[in-house]
Structure formats: structure tokens, C-alpha cells
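Listed here are the chains, written in short residue letters.
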Amino acid sequence: MSTSLFDEMGGEAALRRVLRTFYDRLFDDPMIGFLFDGKDKEQLIEHQLWFTARFLGGPSRYEGRSLPDAHAALPLLKGHFDRRHQVLKEVLEEHGVPEAVRAEWLRVDQSLRAAVIKSGAEARDRARTAKD
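Note that the structure is predicted; figures quoted are calculated from it, not measured.

Cut-off values and rules
Residues numbered from 1 in each chain as written. Predicted model: local features only at pLDDT ≥ 70, side-chain atom pairs only at ≥ 80, totals over all residues. Heavy atoms only, no water. Axes fitted to C-alpha atoms, helices over the stretch in contact; angles between N-to-C directions. Helix = DSSP H or I, 4+ residues; strand = E, 2+ residues; numbered from the N terminus. Parallel < 35°, antiparallel > 145°, perpendicular 65-115°, else oblique. Left-handed = near helix turned anticlockwise from the far one by under 90°. Contact = heavy atoms within 4.5 Å. Phe/Tyr/Trp six-rings, centres within 6.5 Å; stacked < 30°, edge-to-face > 60°. Buried < 20%, exposed > 50% of the residue type's maximum accessible area, 1.4 Å probe, protein only. Lys NZ or Arg CZ within 6 Å of the ring centre and 35° of its normal.

What follows covers the packing of helix α2 (residues 11–28) against helix α5 (residues 78–94). One way to put it is that α2 packs onto α5 with a least axis distance of 10 Å and a crossing angle of 140°. In terms of their interaxial angle, α2 and α5 are classed as oblique. In this structure, α2 crosses over α5, and the sense of that crossing is right-handed. On α5, the residues that touch Val-18, Thr-21, Phe-22, Arg-25 and Leu-26 of α2 are Arg-84, Val-87, Leu-88, Val-91, Leu-92 and Glu-94.

Our next topic: the packing of aromatic side chains. Going through the model one piece at a time under the given rule, you end up with four aromatic pairs. Centre to centre, the rings of Tyr-23 and Phe-36 are 6.4 Å apart; their planes meet at 85°, and the pair counts as edge-to-face. Of the two residues, Tyr-23 sits in helix α2 while Phe-36 sits in the loop between α2 and α3 (41–55), which places them 13 residues apart along the sequence. Tyr-23 sits in the buried class, given a relative accessible area of 5%. Residue class for Phe-36 comes out buried when judged on its relative accessible area of 15%. For the ring pair Phe-51 and Phe-55, a centre distance of 5.8 Å and an interplane angle of 80° mean the geometry is edge-to-face. You can see Phe-51 and its partner Phe-55 sitting in helix α3, four residues apart, about one turn around the helix. One aromatic cluster is present, built from ring pairs that chain together Phe-22, Tyr-23, Phe-27 and Phe-36. The side chain of Lys-41 reaches across the aromatic face of Phe-27, ending 5.0 Å from its centre.

Encoded structure:
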């Protein structure tokens, strides 16, 4: 019987611990923490839990918005995405997430970069237009 990456990392409880540390860091980060002002951390963790579980071969319970819709209001720059990705990498290492799981998680995260940055550019354009 084949084990999923979700199971290899320890299932829901382990994933939730990693995401708790990750979002605690993101909310407190001096470079990108402002992007989380007013956001519901518990809701973000819950959405990310099921989004991540799905691509790691776990249960598919994600019912959130599409990636572009979820980020549509945020004027994200490449540096914001890169900082978030670096924090994720550090948290995965600190939690001792198995290498295969880390590699897949970081690969998927990086594959979403273009969509997130595009949403950020559209948000910046809307903000500029509203000022004119």
C-alpha cells in the first residue's frame, strides 16, 4: 500500500501544527505582516489546511475561493510572494517535514506565483485607477 505525502508528514494534526507556526510568522513578519491586518488567522489556517492536504494526497475538503479571487484585493509584489515562500521554507525545515513532502509543497507553492502576482498587479491597477 502506497502512503501519501499527507500521511508521510503525519496527517491533519501535523499539517495543522506547521500551518499554525507559518501563519503566526506571517502575521508578525515585518516585511509582509501588514498584508494580514484585519484577516481572520483561524479561517486562513483552516482554508490552507484543506488546500494543502489536497495537493499532498490527503482529504479534498477545500471549499475556498479560487487563488486569483482570494488574492484579488491585495496589491502583492514579487517580493511579497518571495518573502512568504521563504518563511514557508523555514517553517517546513524547523518542523522537520520530510524532504519529499517539503519538496512537493514548495514546488506547488512556487507554481502558484504567477497567478498570485497577476492578482496583485490587477489590485494595484484598480487602486491607481480609483485615485485618478
